[in-house]
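Structural characterization, general
Residues per chain are reported as follows:
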Amino acid sequence: MSGSSAVSAASSSPASDGARVEARGGRRSRIPVSGAVGAVIILIAVLTALFAPWLAPHDPRLVDITLRLKPPFWLDGGTGAHPLGTDQLGRDLLSRIIVGTRSSLIVAGSAVLITSIVGGLTGMVAAYFGGWVDQVISRLVDIQLAFPSLLLAITIMAVTTPSLTAVVVVLAIAGWVVPCRIVRSRTLAVAGQEFVTGAVATGASHRHILLRHLFPNVLPTLITIGTLQAAHFVLAEAALSFLGLGLPPAIPSWGGIMNQGRDYIELAWWIETFPGIAIVILVSGLGLVGDWVRDALDPRMRD
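Notes on the structure follow. Remember, predicted model here, so these are calculated numbers, not experimental data.

Rules used in this analysis
- Residues numbered from 1 in each chain as written.
- Predicted model: local features only at pLDDT ≥ 70, side-chain atom pairs only at ≥ 80, totals over all residues.
- Heavy atoms only, no water.
- Helix = DSSP H or I, 4+ residues; strand = E, 2+ residues; numbered from the N terminus.
- Buried < 20%, exposed > 50% of the residue type's maximum accessible area, 1.4 Å probe, protein only.
- Contact = heavy atoms within 4.5 Å.
- Areas by Shrake-Rupley, 256 points an atom, 1.4 Å probe, with all protein chains shown as cover.
- Core = buried A, V, L, I, M, F, W, Y, C linked by side-chain atoms within 4.5 Å.
- Phe/Tyr/Trp six-rings, centres within 6.5 Å; stacked < 30°, edge-to-face > 60°.
- Lys NZ or Arg CZ within 6 Å of the ring centre and 35° of its normal.
- Salt bridge = Lys/Arg side-chain N within 4 Å of Asp/Glu carboxyl O.

Focus: the overall build of the protein
When helices and strands are tallied, the protein shows 13 helices and zero strands. Written out in order from the N terminus, the α and β elements of the protein read α-α-α-α-α-α-α-α-α-α-α-α-α. A burial count over the protein gives 40% of its 303 residues as buried. Within the protein, residue pairs in contact and separated by at least 24 positions form 71% of the contacts whose partners lie at least 6 positions apart. A total of about 15,900 Å² of accessible surface is found on the protein, and carbon and sulfur atoms cover 68% of it.

Dropping the structure here:
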């Protein structure tokens, strides 16, 4: 055998194939740059929310008319005491944005948790039991999907008292159908596998099969959906607050800041601009992490 043939044979041997597979797996296990950037953004946002009372240089609710509409520090009339300027009531804009981070993350995190539990449970139940149970849940999902989720949230909030709890519940009501439908499809694929049919044949209870066999297999799907839905909920909360239908004015939020400053956009552009930048950065970070989690947990990406 010639040298080139030997090299060719060695490169096609099972050992070398396994090395290539392992190498590819090692490369795929690394966090991509985009995912790392998104994770850093989310980490900074979480730390900011946790330590907001200590990071905010001023009381975000403190009104001082003598300081109203102060520009950012790099513009004429600005001051280092209020780096991003003040709003129409003289409140420090940087402090309000920092505290508003907590509102956005609490709303998004709570809504994701509720939709994952409700949507994941109903999706598994619909797929596992089938029959009329599946028909009822599937028809409810189809009916709700006929309405845009944000329009549904606006409609409900228009007839309720604005509060943090109300916003979370409304977003959860509008968003549970997404994990329900996707988890139902995933459960149907898993329920036909041998380890599930074997558990049914041995007389395992429905609860045991749902929690021990089906749930671990749909959990990666729920995590992926949750990371992608979090960005949507941040935008939805900001939109509701901007329309005056979200969090009450007493709770600083990015959308609320923009709502209160929209009448002053020609005089004080910074009131609208900086909360909008904060929304874009956080949503982008959540989207980047969501894409990375989807690629990492999708079995097809590991073929």
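Having put the structure on the table, let's press on.
Re the nonpolar core
One recurring pattern in soluble globular proteins is that nonpolar side chains are buried together. In this structure, Leu-93, Ile-97, Met-157, Leu-171 and Leu-286 are the most contacted members of the largest nonpolar core, which totals 40 residues. Mapped onto this core, the elements with two or more residues apiece are α3 (33–50), α5 (93–129), α7 (149–157), α8 (164–175), α11 (206–242), α12 (254–261) and α13 (270–297). Sequence-distant contacts of Ile-97, defined by excluding residues within four places in its chain, comprise Leu-84, Trp-254, Ile-257, Phe-274, Pro-275 and Ala-278. Tyr-128, Val-196, Ile-209 and Val-218 belong to the second largest nonpolar core, which has eleven residues in total.

Observations regarding the packing of aromatic side chains
The final tally for this structure, using the stated rule, is six aromatic pairs. Taking 6.1 Å as the distance between ring centres and 90° as the angle between the ring planes, the aromatic pair formed by Trp-74 and Phe-274 counts as edge-to-face. In this pair, Trp-74 is assigned in the loop between α4 (52–55) and α5 and Phe-274 in helix α13, connecting sequence segments 200 residues apart. By relative accessible area, which is 47% here, Trp-74 ends up partly exposed. Given the relative accessible area of 14%, Phe-274 is considered buried. Ring centres 5.7 Å apart and planes at 80° place the aromatic pair Trp-269 and Trp-270 in the edge-to-face group. For Trp-269, a relative accessible area of 34% translates into the label partly exposed. One aromatic cluster is present, formed by Phe-73, Trp-74, Trp-269, Trp-270 and Phe-274 through successive ring pairs. The lysine or arginine in question, Arg-262, covers the ring of Phe-242, its NZ or CZ lying 5.4 Å from the ring centre.

Quick look at the environment of Leu-267
Positionally, Leu-267 belongs in the loop between α12 and α13. Along the chain, Leu-267 and Gln-88 lie 179 residues apart, while their C-alpha atoms are 9.8 Å from each other.

Focus: the pattern of salt bridges
Oppositely charged side chains can form a pair if their charged atoms are brought close together. All told, the structure shown has seven salt bridges when counted by the stated rule. Note that Arg-91 and Asp-87 form a salt bridge whose closest N and O atoms lie 2.8 Å from each other. With a closest N to O distance of 2.8 Å, Asp-142 and Arg-139 form a salt bridge. Here Asp-142 and its partner Arg-139 are both found in helix α6 (residues 131–145), three residues apart, which amounts to about one turn of the helix. The class for Asp-142 is partly exposed, based on a relative accessible area of 30%. Residue Arg-139 is classed as partly exposed on the basis of its relative accessible area of 40%.

Some points on the side chain of Ser-104
You can see Ser-104 is positioned in helix α5. Filtering out sequence-adjacent residues up to four positions away, Ser-104 remains in contact with Val-234, Glu-237, Trp-254 and Leu-282.

Quick look at the environment of Ala-52
If you trace the backbone, Ala-52 turns up in helix α4. In the structure, Ala-52 is positioned 45 residues away from Ile-97 in sequence and 9.5 Å away in space, judged by C-alpha atoms. Those residues in contact with Ala-52 that sit more than four places away from it in its chain are Ile-98, Val-99 and Arg-102.

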